[in-house]
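One-letter residues, chain by chain:
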Amino acid sequence: MPEIRVTRPYMPPFAEYTEEIRELWDSRQITNMGKKHRQFQASLERYLSVPHTVLYANGHLALESALELFSFPPGSEVITTPFTFASTVHAIVRKGLIPVFCDIRADNFTIDTAKIPALITEKTVAILPVHTYGNLCDVEGLAALAARYGLTLIYDAAHAFGVTYKGVSAAAFGDVSVFSFHATKVFHTIEGGAQCFHDDRLLQASNDIKNFGIRSPEEIAYRGGNAKMSEFQAAMGLCNLRHVEDEIRKRKEKFLLYQERLEQVPGLRLNRIPTDTKANYAYMPVVFSGYPRSVPEVVQELRENHIEARRYFYPLVNDLPCYRDLPTTGGEKTPVAREIVANILTLPLYGDLETEAVESICKILRK
Ligand SMILES: *Cc1c(COP(=O)(O)O)cnc(C)c1O
């Protein structure tokens, strides 16, 4: 019996991709912001309804670059969540800044706005929240808080592609929103990422950071690095963008089936989608609380049935050995995140996941 993975990259029709890349053989422009790059960028700006999208080689470099855009003094503090993929926090530290971990909300697993003010010091420059599992943060509360304290607000929107709140795209919030287009995300360019923002003044700086600061053949204006998206990645993005709404619709069908089968099971709590949100069904998190078996036991039982479930985001980033000795860390300081991370499991979810697979997973969990 083949293994059912927790996720599986969406693949466009093979002929559609080969057609998309055919002209790259003739033009020989296979990177350096060519035609596919320009087309993809324009298509994304339309789809995401944002004035500026800067494409990157991957989401992590787009995050690092977003922090570099504001020239924060070294050693400045950035308030973030420990319940995330390590990339979020690594980006802060790799830019010479100090992460300060804020606890999360138990209901949707995003940063708890109410707990941020107590963490603000004279060194705080920014807040870097994550739209965890595609659940949008308290965007209104965070905007008000950032304005009140004069802080930069950068969203890690890696999970939130295609999500809208009261009709507004997830790309529109904060000073910058950063997406990942990694193969495992709802929408991908194999590897890839983007920054979205409104402020025209950030555009040149972002392009400088991702392309060595080169502005013309003989002008290098900034000590930038290399984080450009290639034409092949952009071509994959052009193909996948045509199918992303269909992919989200198919994910929603599986999500609704899971919900129907698991909603009444004692000890299980499913992800709630607020009525003012259009979700992307990026993940299928389930909280086990008061359930007869522990999360590691459930993982083991699913594995015996050739089903992969993942403990995203275990361990908490503030419990990782590389962050344990920071003055601001320690999972005990974020008790809600500690409680959630011990009891949450992400079940398989992707567009072409078989209905029977969902049925058999639910049967194991109901037993
Ligand atoms: C995937 C992901 C990233 C990193 O994106 P890459 O494209 O893999 O570099 C950052 N933050 C979160 C929350 C992610 O899930």
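Scroll up a little and you will see the structure.
All figures in this text were calculated on a predicted structure; none of them were measured in a lab.

Draft legend 1. Looking closely at the overall build of the protein chain. Looking only at helices and strands, the protein chain has 10 helices and 15 strands in total. Rg of the C-alpha trace for the protein chain: 21 Å, near the compact-globule value of 21 Å for 367 residues, within the 12% margin. Taken along the three principal axes of its C-alpha coordinates, the protein chain extends 70 × 55 × 40 Å. In the protein chain, which comprises 367 residues, the proportion classed as buried is 56%.

Draft legend 2. Spatial organisation of the site of the ligand. By nearness alone, 14 residues border the ligand, and His60, Asp156, His159, Ser180 and Lys185 come closest of all. Measuring from a nitrogen atom of the ligand, one finds a side-chain N or O atom of Asp156 at 2.7 Å. At 2.7 Å from an oxygen atom of the ligand is found a side-chain nitrogen or oxygen belonging to Ser180. With the chains in place, 91% of the 380 Å² that the ligand exposes on its own is no longer accessible. One can see that the ligand is located within the largest pocket. Elements represented by at least two residues in the shell around the ligand include exactly α3 (59-68) and α4 (86-94). A per-class count over the shell around the ligand returns two nonpolar, 10 polar and two charged.

Draft legend 3. Geometry of the pairing of strand β2 (residues 77-80). Of the two faces of β2, the one holding Glu77 and Ile79 and the one holding Val78 and Thr80 are both buried throughout. As paired elements, β2 and strand β3 (residues 98-101) share four bridges and run parallel to each other. Of the residues in β3, the one forming a bridge with Ile79 is Val100. Taking the sense of rotation as the criterion, the β-α-β connection linking β2, α4 and β3 turns out right-handed. The sheet contact formed by β2 and strand β4 (residues 124-128) spans four bridges and is parallel. Across the sheet, residue Thr80 finds its bridge partner in β4, namely Leu128.

Draft legend 4. Fine view of the layout of surface pockets. The calculated volume of the largest pocket comes to roughly 790 Å³. Taken together, 40 residues line the largest pocket, and the ones lying closest to its centre are Phe85, Thr184, Lys185, Tyr283 and Tyr312. Residue assignment for the lining of the largest pocket shows that the elements contributing at least two residues are α3, α4, β8 (176-180) and β15 (344-347). Looking at the lining of the largest pocket residue by residue, the classes come out as 20 nonpolar, 12 polar and eight charged. In this structure, the second largest pocket occupies an estimated 320 Å³ of space. Lining of the second largest pocket is provided by 22 residues; of these, Asn108, Asn135, Leu136, Arg272 and Pro274 occupy positions nearest its centre. Looking at the lining of the second largest pocket residue by residue, the classes come out as 12 nonpolar, six polar and four charged.

Draft legend 5. Up close: helix α10 (residues 355-366). With 12 residues, α10 extends 16 Å from end C-alpha to end C-alpha; this agrees with the ideal 16 Å at 1.5 Å per step. Where α10 is buried, its residues meet α7 (231-262), β14 (284-288), α8 (295-304) and β15.

Draft legend 6. Representation of the packing of helix α1 (residues 14-27) against helix α2 (residues 35-48) within the structure. Orientation of α1 relative to α2, taken along the N-to-C sense of each, is 140°, at an axis distance of 10 Å. Counting all contacts with α1, which are made through Glu20, Glu23 and Leu24, the residues of α2 involved are Lys35, Lys36 and Gln39. Classifying every residue of the contact of α1 with α2 gives one nonpolar, one polar and four charged.

Draft legend 7. How the structure looks around the sheet that holds strand β7 (residues 168-169). The three strands lie next to each other as β7-β6-β13, forming an open sheet whose pairing is antiparallel. Only two strands of the sheet have a single neighbouring strand rather than two, namely β7 and β13 (277-278). Bridge analysis of strand β6 (residues 164-165) against β7 gives two bridges, and the strand direction is antiparallel. The partner of Tyr165 across the bridge, within β7, is Val168.

Draft legend 8. Quick look at the side chain of Glu20. Assignment of secondary structure puts Glu20 in helix α1. Contact partners of Glu20, with chain neighbours within four places excluded, come to Lys36, Gln39, Ala235, Leu238, Cys239 and Arg242.

Draft legend 9. Layout of unusual backbone geometry. Each neighbour pair has its own omega, and for Tyr312 with Phe313 the value is 5°, a cis peptide bond. Structurally, Phe313 can be placed in the loop between α8 and α9 (335-343). Residues Tyr314 and Pro315 are joined by a peptide bond in cis, for which omega reads -5°. For Pro315, the position within the fold is in the loop between α8 and α9.

The rules behind these values
- Residues numbered from 1 in each chain as written.
- Predicted model: local features only at pLDDT ≥ 70, side-chain atom pairs only at ≥ 80, totals over all residues.
- Heavy atoms only, no water.
- Helix = DSSP H or I, 4+ residues; strand = E, 2+ residues; numbered from the N terminus.
- Rg over C-alpha atoms; globule rule 2.2 N^0.38 Å.
- Buried < 20%, exposed > 50% of the residue type's maximum accessible area, 1.4 Å probe, protein only.
- Near = heavy atom within 4 Å.
- Polar contact = N/O pair within 3.5 Å; in protein donor to acceptor, adjacent residues only side chain to side chain.
- Areas by Shrake-Rupley, 256 points an atom, 1.4 Å probe, with all protein chains shown as cover.
- 1 Å grid on protein atoms, 1.4 Å probe; cavity = no way out; pocket = protein on both sides within 12 Å on 5 of 7 lines; lining within 4 Å.
- Sits in = over half its atoms within 2 Å of the grid points.
- Nonpolar A, V, L, I, M, F, W, Y, C, P; charged D, E, K, R; others polar.
- Pairing = 2+ DSSP bridges.
- Right-handed = clockwise from strand over helix to strand, strands pointing away.
- Points joined across faces, edges and corners; volume = space filled by probe spheres on them.
- Expected span 1.5 Å × (residues − 1).
- Contact = heavy atoms within 4.5 Å.
- Axes fitted to C-alpha atoms, helices over the stretch in contact; angles between N-to-C directions.

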